[in-house]
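Each chain is listed here by its residues.
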There are 2 protein chains.
Amino acid sequence: MITALNTTAPVVALRVAEGHAAENPLSLGDLGEWELIRRLSAFAPPGQFNDDAAVLDADNGAGALVVNTDVMVEGVHFSDRTTNPEDVGWRAAAANLSDLAAMGCTTVVGLTVGLVAPASTSWAWVEGVYCGLAACLRHHGGVLLGGDCSGGSSRMLAITALGRLPAARQAAPRDAARSSGLIRRADGSPGDWLVSSGPHGLSRLGLALLQGELSTAPTAELGLRAIAAHRRPRPRFDVVRALISCRPADLAWRVGGCDSSDGLAAAAAAIASSSGCIACLDPDALPLEPAMAALPNARDWCLAGGEDFELVLALAPAWAAALCQLLPGCRPVGVLEPGRAEVPRWSNGDPITPELGGYQHFG
Amino acid sequence: MITALNTTAPVVALRVAEGHAAENPLSLGDLGEWELIRRLSAFAPPGQFNDDAAVLDADNGAGALVVNTDVMVEGVHFSDRTTNPEDVGWRAAAANLSDLAAMGCTTVVGLTVGLVAPASTSWAWVEGVYCGLAACLRHHGGVLLGGDCSGGSSRMLAITALGRLPAARQAAPRDAARSSGLIRRADGSPGDWLVSSGPHGLSRLGLALLQGELSTAPTAELGLRAIAAHRRPRPRFDVVRALISCRPADLAWRVGGCDSSDGLAAAAAAIASSSGCIACLDPDALPLEPAMAALPNARDWCLAGGEDFELVLALAPAWAAALCQLLPGCRPVGVLEPGRAEVPRWSNGDPITPELGGYQHFG
């Protein structure tokens, strides 16, 4: 789904060039992805583009439906060189389902698939893609609901995933607007811990190995895990279920969060920006695989490699601690502090400066 | 949405070439669109691809949600030569909403939009497309729910529309499987009248005028209406509402139908094939604009021009007559007869033989 940040592109430099002459009209490349999304959000109700996905009937409470659309384009999101068709299908489904998990869904209803491909595309490739999609659905629930197909000059998948929030939880009486069970970017508060559901940077390492950017991983086992993380990401519905089961009895439902498809730092920035806080990350608590630490790019990849599809959550400390105790792999990575800053900071106040935006479309 | 017919491509010749050598693998062009869809339907629950869109919680009865995905590709579904950006947006939305109407929806929830475009695409074009989408939603209800955007080598829109069936109607007690308010291809019966909600072929005439295939229309007024039909099709929610309001008290809910995005004959064939009947069209009752009759292609365009986005319905005669009386423009065009035939027939038994398949992707 469009992952708009609340303000104009807090972490990505823009090249907005409104003054172009008429014979050189403003292009999407001039705008950049975030400014494009900001402009498109004007066509939707206020706040509609603020989260990873859209909630239908949130007021309904019980099992509200969540819908999310993602596109995957050959040469941008996948290529035959690094991804076999089964993995293209799995990743396309998993990326969408990850957005459902990031909203707090515990049930997958299903997906629709828009397939565009040249007539010369082999049936074997398409079959492989749908095998991968179906495998991801078998693993996480839901069915193929339908879709459409068309010829076109390049291969493209547009997936819409539908999921449901859990039915029987009560919203905090003191804030009825925070629907029960929903995870929203804007629901972080100062004092919350930022929790990462798993390591970051593995998928980027896997891509580096698949593209030949790196010839070997520090260990063979890490290399295999990194390639698996890139090819077969897991939507973290298990984290949502753990989050529900470990909520301290005295805490009402309030969970800030999103997934880390654009990287850990971008996720922290999005939550902080939407919640009106500053994200402070602890440099000694980066969720980095120990075996990756020797790599020169390890910290940048951890912060901004992207496509990790973990959840980054803002939780009251007691709930955060309970989650980290319940689910191995979940760990605190920082806190939300009062104030406003477009860029996350280190605990000592220094801004976090690597390339933070993940992949920039139209960049 | 994928508009699979119940059997293997009843009206479109296939070029299935399973025996290709390994160095020349079976391609989508070898399969053709309908065989591709038939194969993809194997990844979904049985019957899931049988209709214009998918129903969620049909058993729930009240206001079940319907979801539909369509892709529109530059050079296939639109081009700058014939369609300005506002019309691209309107048509993309309307084509999707038409599938919701064809399922019996009376309420539009909204759309998600996956946009793929090269970085060189002008913002003005994208803005125009979204203005057109928003105009269609303002007219028919629903909001822009979200979406995604990506760079890519050509322009493409993948739209997912969500709608709701009306809430408070009762299914026929004698057939609980026929959910209240749903329109399905398979719900026609021998003896039903086939009703067209409006004229057919206008959109194809509009395209011919826009492409310069025809230099003038028989009358200027018809030319303008034809171009409007091509550029600004109307999803026929008004027909669904009329259908509900004129149901004879002694008839339970049972409505076969689909929209005519692939043409009148293909719609009749799809209903007949899914319902286990033969579609017989009356050659003297073709839903043709009188002013079009002088055109040499008029009958073929009426039968198979495509993109008319009218509803073609199979109704018990009393209900069909009530509908045609209530809503000017609705007219009986034929009947469903007992038996099975892959191709619709004329009343005298002759098969209807023009190019029936509408646009064939991968053909």
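Residues numbered from 1 in each chain as written. Chains lettered and ligands numbered in written order. Predicted model: local features only at pLDDT ≥ 70, side-chain atom pairs only at ≥ 80, totals over all residues.

1. Examining the overall build of chain A
Alright, step 1. Per the secondary structure count, chain A includes 10 helices and 12 strands.
Alright, step 2. Relative to its 363 residues, chain A shows a buried fraction of 60%.
Alright, step 3. Taking contacts inside chain A between residues at least 6 apart in sequence as the whole, the part at least 24 apart equals 82%. (Helix = DSSP H or I, 4+ residues; strand = E, 2+ residues; numbered from the N terminus. Buried ≥ 20, exposed ≤ 12 C-beta atoms within 10 Å, placed from the backbone. Contact = placed C-beta atoms within 7 Å.)

2. Topic: the sheet that holds strand β2 (residues 65-73) of chain B
Residue and element names in this part refer to chain B.
Alright, step 1. Spatial ordering of the open sheet is given by β1-β2-β5-β3-β4, a layout of five strands whose pairing is mixed. Unpaired on one side and paired on the other, β1 (54-56) and β4 (143-151) mark the two borders of the sheet. Taking the axes of each pair of neighbouring strands and ignoring which way they run, one obtains an average angle of 20° across the sheet.
Alright, step 2. Where strand β3 (residues 107-117) meets β4, eight bridges bridge the pair, whose relative direction is parallel. (Pairing = 2+ DSSP bridges. Axes fitted to C-alpha atoms, helices over the stretch in contact; angles between N-to-C directions.)

3. Some details on the sheet that holds strand β7 (residues 193-196) of chain A
Residues and elements named next belong to chain A.
Alright, step 1. Spatial ordering of the open sheet is given by β6-β8-β10-β7-β11-β9-β12, a layout of seven strands whose pairing is mixed. On the outer flanks of this sheet lie β6 (183-184) and β12 (345-346), each paired with one strand and no other.
Alright, step 2. Across five bridges, the pairing between strand β9 (residues 277-281) and strand β11 (residues 331-338) is antiparallel. Looking at β11, one finds that Cys 277 is bridged to Pro 338.
Alright, step 3. Against the sheet, helix α8 (residues 264-275) makes contact with β7, β8 (255-259), β9, β10 (311-315) and β11, and its axis sits at roughly 155° relative to β9, the strand it touches most.

4. What about the relation of the copies chain B and chain A?
Alright, step 1. Between the two copies, chain B and chain A, the superposition gives an RMSD of 0.0 Å; the rotation angle is 180° and the shift along the axis is 0.0 Å. The symmetry that links the two subunits is that of a two-fold axis. Minimal C-alpha separation from the rotation axis in chain B is found for Ala158(B), amounting to 3.1 Å.
Alright, step 2. With an isologous cut-off of 70% or more, the 100% of interface residues of chain B that recur at the interface of chain A puts this contact in the isologous class. (Least-squares fit on C-alpha atoms with pLDDT ≥ 70 in both.)

5. Some words on the domain arrangement of chain A
All names here are of chain A.
Alright, step 1. Here chain A is described as being made up of domain 1 (50-164) and domain 2 (183-346).
Alright, step 2. Taken together, the contacts link 21 residues of domain 1 with 24 residues of domain 2.
Alright, step 3. Per-class residue counts for the side of domain 1 that touches domain 2 are nine nonpolar, seven polar and five charged. (Domains from an automatic or database assignment. Nonpolar A, V, L, I, M, F, W, Y, C, P; charged D, E, K, R; others polar.)

6. Remarks on the interface of chain B and chain A
The figure often quoted for interface size is the accessible area lost as the parts come together.
Alright, step 1. Contact residues are listed per partner, giving 59 residues for chain B and 59 residues for chain A.
Alright, step 2. Going through the elements one at a time, α1 (28-31), α2 (33-41), β1, β2, β3, α4 (123-140), β4 and β5 (156-164) of chain B are the ones with two or more residues in the side of chain B that touches chain A.
Alright, step 3. Among the elements that take part in the side of chain B that touches chain A, β4(B) stands out by supplying nine residues, more than any other.
Alright, step 4. Of the residues belonging to the side of chain B that touches chain A, the class tally is 38 nonpolar, 18 polar and three charged.

7. A few points about the packing of helix α3 (residues 85-102) of chain B against α4(B)
All names here are of chain B.
Alright, step 1. At a minimum axis separation of 6 Å, α3 and α4 run at an interaxial angle of 40°. Classified by the angle between their axes, α3 and α4 sit oblique to one another. For the crossing formed where α3 meets α4, the hand is right-handed. Seen from α3, the contacting residues are Pro 85, Glu 86, Asp 87, Val 88, Gly 89, Trp 90, Ala 92, Ala 93, Ala 94 and Leu 97; seen from α4, they are Trp 125, Gly 128, Val 129, Tyr 130, Cys 131, Gly 132, Leu 133, Ala 135, Cys 136, Leu 137 and His 140.
Alright, step 2. The residue inventory of the contact of α3 with α4, partitioned by class, reads 15 nonpolar, four polar and two charged. (Parallel < 35°, antiparallel > 145°, perpendicular 65-115°, else oblique. Left-handed = near helix turned anticlockwise from the far one by under 90°.)

8. Things to note about the pairing of strand β4 (residues 143-151) of chain A
Alright, step 1. With eight of its nine residues buried, β4(A) lies for the most part within the structure.
Alright, step 2. With helix α4 (residues 123-140) of chain A bridging strand β3 (residues 107-117) of chain A and its parallel neighbour β4(A), the resulting β-α-β unit is right-handed. (Right-handed = clockwise from strand over helix to strand, strands pointing away.)

9. Topic: the pairing of β8(A)
All names here are of chain A.
Alright, step 1. Of all five residues making up β8, five are buried, and the element is well covered by its neighbours.
Alright, step 2. With burial as the criterion, each face of β8 is covered, one bearing Val 255, Gly 257 and Asp 259 and the other bearing Gly 256 and Cys 258.
Alright, step 3. Where β6 meets β8, two bridges bridge the pair, whose relative direction is parallel. Each residue of the ladder has a partner; that of Ile 183, found in β8, is Val 255.
Alright, step 4. Judged from the four bridges that link them, β8 and β10 form a sheet pairing that is antiparallel. Residue pairing in the sheet places Asp 259 in a bridge with Leu 311 of β10.

10. Examining helix α2 (residues 33-40) of chain A
Alright, step 1. Most of α2(A) is tucked away: six of the eight residues are buried.
Alright, step 2. Here α2(A) has its buried residues at Glu33(A), Trp34(A), Leu36(A), Ile37(A), Arg38(A) and Leu40(A).
Alright, step 3. Of the surrounding elements, those touching the buried residues of α2(A) are α1 (28-31) of chain A together with α4 and β4 of chain B.

11. Digging into the environment of Arg91(A)
Residue and element names in this part refer to chain A.
Alright, step 1. Here Arg 91 shows up in helix α3 (residues 85-102).
Alright, step 2. The class of Arg 91 is buried, set by 26 C-beta atoms lying within 10 Å.
Alright, step 3. The spacing of Arg 91 and Asp 350 is 259 residues in sequence and 35 Å in space, taken between C-alpha atoms.
Alright, step 4. Discounting residues that sit within four places of it in the chain, Arg 91 has contacts with Arg 231 and Pro 233.

12. A few points about unusual backbone geometry
Residues and elements named next belong to chain B.
Alright, step 1. You will see that Glu 307, though not glycine, has its phi angle at about 60°, which is positive.
Alright, step 2. Along the chain, Glu 307 falls in the loop between α9 (298-304) and β10 (311-315).
Alright, step 3. Judged by C-beta crowding, with 25 C-beta atoms within 10 Å, Glu 307 ranks as buried.
Alright, step 4. With phi around 55°, Phe 309 is a residue other than glycine that occupies positive phi space.
Alright, step 5. Counting through the fold element by element, Phe 309 comes out in the loop between α9 and β10.
Alright, step 6. The exposure class assigned to Phe 309 is buried, which follows from the 24 C-beta atoms found within 10 Å.

13. What about the environment of Gly147(B)?
Alright, step 1. Inspection of the secondary structure assignment puts Gly147(B) in strand β4.
Alright, step 2. Here the alpha-carbon distance between Gly147(B) and Gly114(B), two residues 33 residues apart in the chain, equals 5.3 Å.

14. Here's the deal with the confidence of the model for chain A
All names here are of chain A.
Alright, step 1. For chain A, per-residue confidence averages 88 on the pLDDT scale, and 86% of positions sit at 70 or higher.
Alright, step 2. With pLDDT under 50 throughout, residues 3-21 is counted as low confidence; its partners more than four residues away or in other chains account for 49 contacts.
Alright, step 3. Under a pLDDT of 50 for its full length, residues 169-178 has, in the predicted model, 17 contacts with residues more than four places off or in other chains. (pLDDT = per-residue confidence, 0-100.)

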